[in-house]
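Architecture at a glance
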Amino acid sequence: MAEDTQEPLAGAGALREALRALLPPTKEELALELGENVERSVVQLLQEAAELFCGGRRSECLQASEAILDYSWERLNTGPWRDVHKDWRRVYAFGCLLKAVCLCEEPGDTTAVAAALKVCDMGLLMGAAILGDILIKVAAILQAHLRSGKRPGPGPAQEPPSMKKARYDPVSVPDMTSERTVPRLHCPSLEHFRKYFLVPGRPVILEGVADQWPCMKRWSLEYIQEIAGCRTVPVEVGSRYTDEEWSQTLMTVNEFISRHIRSEPKDVGYLAQHQLFDQIPELRQDISIPDYCCLGDGAEEEITINAWFGPQGTVSPLHQDPQQNFLVQVMGRKYIRLYSPQESEALYPHETHLLHNTSQVDVENPDLDKFPRFAEAPSLSCILSPGEILFIPLQYWHYVRALDLSFSVSFWWS
Amino acid sequence: MAEERRGSWFGFGFCGFGQAPGSGRGRQVLSPEPLQTPGSGADVRRVSASWSYTALVTRGGQVRLSGAARGAAGGCRDAWASEAQLVVLRAGPGRGAGPELQAWAPASAMRGEPLWARALGPEAEAEGAARGEPPAGALSLLPLLPGARAYVSPRPPFCRALAPELRARRLELGAEHALLLDEAGQVFSWGQGRHGQLGHGSLEAEPEPRLLEALQGLPVAEVAAGGWHSVCVSETGDIYIWGWNESGQLALPSRSLAEDTKTIPREASGLNEDGFEVRRTAKGEDGAPAPFIAIQPFPALLDLPLGADVVKASCGSRHTAVVTGTGELYTWGWGKYGQLGHKDTTSLDRPCRVEYFVDKQLQVRAVSCGPWNTYVYAVEKEGS
């Protein structure tokens, strides 16, 4: 029994030390520079919380942090997201920081640390960077602590054999004999790509560009679970985002894999359009930014990198995005159909503001009575395989269906 | 003739800034407590609560602040509290002059200069009187201004005009929407709609007041706006409710309440023999699991237990409170700060009676919610 009680205490002590070392020591430094968008009362509460934290009054600090979190959460949900002032997101992140560290103050079990990591993830997902990206550092420490506590890897003996592999159903691979395919190029020069594809806005598949990225060999379900398993991510639940039953929810990567990938899922879950690589820098090491992005106007920091991770069968309805896109396929294959922006009328976009960049037509099962012009609209299609990059020009309509368990990484640039 | 007994005000919920009903004893009060006010608590005729402070308006025209904003000032007919500014309606500077609208920084304790002020002119009163509005001081209307040609907003522009043909009787503001009740008992809504709070059946925003067609023909007596939800009470005592249900504030099955095993309702499913918590799932009438509802984009009729009829309603950020004709108070929605008054911090997605008032033989007459708290006016029952 003595050995059991020794380990957690030492572990917890090391954790507390590591976290303390990260945080500014005085309440003056444990503060945010905020503009006038944040009311005095909130600033007052932030100061109070910092003071309680520095004074070691943990449970009172937790209470104050909860109020900070709840109030700023309400502000984050007021008005369109793009209009939410960054200062509110920073306040939210600050609340997450204090709450997460307070949760770890007690010699706690892994539940407290997992809860603290979840709080960090909420701060990363909804908040904005504060105190030199401190939440990323705190999350890394918490994650390392959780991983060191685990027994090494889920061995085969622990999982029922039927759960081990992702399910694979023989899927409808589309008959593409009557479809025009996206042209393929092997490592084109920057100038060639710019002149023949970027400027005229033409899709192309680039081969030999990403196929040596570390992710191609390294990423597997086991690897992803090891690196990111306990991290909380947003998951889209429902066949497609145009459905009434569609919703977004949060869960850990482990929960996502077990609920929506390994087992017989009740509904489709898709870890879609999430900046996973900002949240988990370790994964960022496994990918690169395609060189061709330098042909754009924006700076490298402005490039949005999204992860798209899900089971066989996820569908993104036909839609268009306001930026250039390099879609890199890492695991599994995706069937993709593309339509030029010139064909927009034949694609019957939704009339609501919310969905005006999405077509009403179900690409692989179109209702031609309702949408007659769709049948005649010219298109390109392809099956994108691991190691390949699809260039989707700005505003080019695209429809995507995963033919296998799939992981893609998209780069949105201008 | 029944005598109108003087009642008193009670409060419960968040008081993290020391506002009533707390007095530094803690950040929240989980069960109704009488408001400590100097002089008689019966003196208070209106309560307007913002997140960090509460304003009490007395019959004598005093505004008393508690919480992050403190102080008191006289000569006020009405007050409306928000984080950005405290808006008060004061009697005009001289006889015959109309009332003046003043906005104060909450921390100023109404000393020094207001952030801005606007004379409303005597015609505002006259117009109000012509339309049958009670004389000055009797009824609070803020954020609707006397004369109902304009209303106050916590964000610039602070004074916003209303089309005269709207004939507004009552106006309520949510976090990103507005509700208007007109003289004919019709309801209009405008603002952001992404949480269904406008009630027009879609998630689209509406830039201008739009009539709620779903309620057309139903004479509405009262409207109330929460952060992202809307309530109206018909003249026959029915409640209609719409908008965001993320904490059960619509009294519809809420997924987050069912899945969060920490928030177990009092009459809980509890533990089964194996000691595992039983997941609470919503049940439809036939016993099959009912779907969870996150957003209700058009009005839904809500039945209270025992078919009670409703006379008053008020909403906080994410909770709802109603008063019945028989003087009972029902609350539901977000309960984390005790704002439901059920002695705990459980959130509920169905209406529950606040037993305190029943136990104390008090008849509830009015309710006014701050974002995270609730204020109740109650009188002693006859013959008690």
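A few points on the structure. (Residues numbered from 1 in each chain as written. Chains lettered and ligands numbered in written order. Predicted model: local features only at pLDDT ≥ 70, side-chain atom pairs only at ≥ 80, totals over all residues. Heavy atoms only, no water.)

**Topic: the sheet that holds strand β9 (residues 100-104) of chain B**
Residues and elements named next belong to chain B. Spatial strand order, β7-β8-β9-β10: four strands in an open sheet with antiparallel pairing. Of all strands in the sheet, those with a lone pairing partner are β7 (76-81) and β10 (116-119), marking the two edges. The sheet shows a mean angle of 15° between the axes of neighbouring strands, taken without regard to direction. One ladder, built from five bridges, connects β7 with strand β8 (residues 86-90); its direction is antiparallel. Residue pairing for β8: Asp 78 is matched across the bridge by Leu 89. (Pairing = 2+ DSSP bridges. Helix = DSSP H or I, 4+ residues; strand = E, 2+ residues; numbered from the N terminus. Axes fitted to C-alpha atoms, helices over the stretch in contact; angles between N-to-C directions.)

**Let's talk about the interface of chain B and chain A**
In this assembly, 25 residues from chain B lie in contact with 23 residues from chain A. In this assembly, chain B packs against chain A so that about 2000 Å² is buried in total across both faces, 55% of it on carbon and sulfur atoms. Counting across the chain B and chain A interface gives four salt bridges. Across the pair Arg 27 of chain B and Glu 48 of chain A runs a salt bridge whose closest N-O atoms are separated by 2.6 Å. At the boundary of chain B and chain A, one finds eleven residue pairs in polar contact (both at pLDDT 80 or more). (Contact = heavy atoms within 4.5 Å. Buried area = accessible area lost by both parts, 1.4 Å probe. Salt bridge = Lys/Arg side-chain N within 4 Å of Asp/Glu carboxyl O. Polar contact = N/O pair within 3.5 Å; in protein donor to acceptor, adjacent residues only side chain to side chain.)

**Points about the packing of helix α2 (residues 40-54) of chain A against helix α3 (residues 58-76) of chain A**
Helix-helix packing: each pair is described by the crossing angle between the helix axes and the interaxial distance. All names here are of chain A. In the contact formed by α2 and α3, the axes pass within 8 Å of each other and the chain directions differ by 150°. Between α2 and α3, the interaxial angle falls into the category roughly antiparallel. Like other packed secondary-structure pairs, α2 and α3 cross with a definite hand, here left-handed. Of the residues in α3, those touching α2 at Val 42, Leu 45, Leu 46, Ala 49, Leu 52 and Phe 53 are Glu 60, Cys 61, Ala 64, Ala 67, Ile 68 and Tyr 71. Tallied by class, residues from the contact of α2 with α3 come to eleven nonpolar, no polar and one charged. (Parallel < 35°, antiparallel > 145°, perpendicular 65-115°, else oblique. Left-handed = near helix turned anticlockwise from the far one by under 90°. Nonpolar A, V, L, I, M, F, W, Y, C, P; charged D, E, K, R; others polar.)

**What to know about the nonpolar core**
All names here are of chain A. Ranked by size, the top nonpolar core spans 60 residues in total, and within it Leu 97 and Leu 142 carry the most contacts. Those elements giving two or more residues to this core turn out to be α1 (2-22), α2, α3, α4 (86-103), α5 (110-126) and α6 (134-149). Setting aside its immediate chain neighbours within four residues, Leu 142 contacts Leu 15, Leu 19, Cys 104, Val 113, Ala 116, Leu 117 and Cys 120. Among the nonpolar cores identified, the runner-up in size contains 47 residues, and Leu 221, Ile 287, Val 328 and Ile 389 belong to it. (Core = buried A, V, L, I, M, F, W, Y, C linked by side-chain atoms within 4.5 Å. Buried < 20%, exposed > 50% of the residue type's maximum accessible area, 1.4 Å probe, protein only.)

**Examining α2 of chain A**
Residues and elements named next belong to chain A. Here α2 contains 15 residues, and its C-alpha end-to-end distance of 21 Å stays within 8% of the 21 Å for a straight helix at 1.5 Å per residue. Against α3 and α4 lie the buried residues of α2. Positive phi appears at Gly 56, one or two residues downstream of α2, with a value of about 75°. (Expected span 1.5 Å × (residues − 1).)

**Considering the pairing of strand β15 (residues 187-191) of chain B**
All names here are of chain B. For β15, a buried count of five out of five residues is recorded, marking the element as mostly surrounded by other parts of the structure. Covered by surrounding structure in β15 are Val 187, Ser 189 and Gly 191 together with Phe 188 and Trp 190, the residues of both alternating faces. Alignment of strand β14 (residues 177-182) against β15, held across five bridges, turns out to be antiparallel. Each bridged residue has a counterpart across the sheet, and for His 177 the counterpart in β15 is Gly 191. Taking the residues that link successive antiparallel strands as the turn, the β14-β15 hairpin has four residues, and the phi of Gly 185 there is positive, at about 80°. For β15 and strand β16 (residues 206-211), the ladder comprises three bridges, and the chain directions are antiparallel.

**A look at the pattern of salt bridges**
Side-chain pairing between opposite charges can occur once the charged atoms of the two side chains come close. Scanning all chains against the criterion turns up 32 salt bridges over all chains. Between Arg 170 of chain B and Glu 222 of chain B there is a salt bridge, with its nearest N and O atoms 3.9 Å apart. Of this pair, Arg 170 of chain B sits in strand β13 (residues 168-173) while Glu 222 of chain B sits in strand β17 (residues 220-225), placing them 52 residues apart in sequence. The exposure class of Arg 170 of chain B is partly exposed, given its relative accessible area of 25%. Looking at Glu 222 of chain B, the relative accessible area reads 10%, which means it is buried. Within the structure, one salt-bridge network assembled from shared partners comprises Glu 66, Asp 70 and Lys 99 of chain A together with Lys 336 of chain B.

**Section: the packing of α2 of chain A against α4 of chain A**
Residue and element names in this part refer to chain A. Contact pair α2 / α4: the axes reach a minimum separation of 11 Å and the direction vectors enclose 20°. Taken together, the axes of α2 and α4 are roughly parallel relative to one another. Here α2 and α4 pass one another in a crossing that is left-handed. Only Trp 88, Val 91, Phe 94, Leu 98, Val 101 and Cys 102 of α4 make contact with α2, whose side of the interface consists of Val 42, Leu 46, Ala 49, Ala 50 and Phe 53. For the contact of α2 with α4, the residue count by class is eleven nonpolar, no polar and no charged.

**Points about unusual backbone geometry**
Residue Leu 142 of chain B is joined to Pro 143 of chain B through a cis peptide bond whose omega torsion reads 10°. Mapped onto the fold, Pro 143 of chain B is located in the loop between α1 (122-130) and β11 (150-152). Cis geometry marks the peptide bond from Pro 156 of chain B to Pro 157 of chain B, where omega comes out at 0°. The phi torsion at Gln 273 of chain A lies on the positive side, around 50°, for a residue other than glycine. You can see Gln 273 of chain A is positioned in strand β5 (residues 269-274).

**Looking at the environment of Thr 249 of chain A**
By secondary structure assignment, the location of Thr 249 of chain A is in strand β4 (residues 247-252). Counting along the chain gives 22 residues from Thr 249 of chain A to Leu 271 of chain A, while the straight-line C-alpha distance between them is 9.9 Å.

**Side note on the state of the cysteines**
Taken as a whole and assessed by the stated rule, the structure comprises zero disulfides over all chains. Free cysteine: Cys 294 of chain A, not disulfide-bonded; nearest cysteine sulfur from Cys 293 of chain A at 8.1 Å. As a non-bridged cysteine, Cys 315 of chain B has Cys 369 of chain B as the owner of its nearest cysteine sulfur, 6.7 Å distant. (Disulfide = S-S within 2.5 Å.)

**Structural notes on the sheet that holds strand β20 (residues 295-302) of chain B**
All names here are of chain B. Taken in spatial order, the four strands make up an open sheet running β17-β18-β19-β20, and their pairing is antiparallel. Taken across any chain shown, the strands that pair with only one partner, and hence form the sheet edges, are β17 and β20. Taking the axes of each pair of neighbouring strands and ignoring which way they run, one obtains an average angle of 15° across the sheet. Of the pairings in the sheet, the one linking strand β19 (residues 239-244) to β20 comprises five bridges and is antiparallel in character. When the sheet's bridge partners are listed, Gly 243 is paired in β20 with Gln 296.

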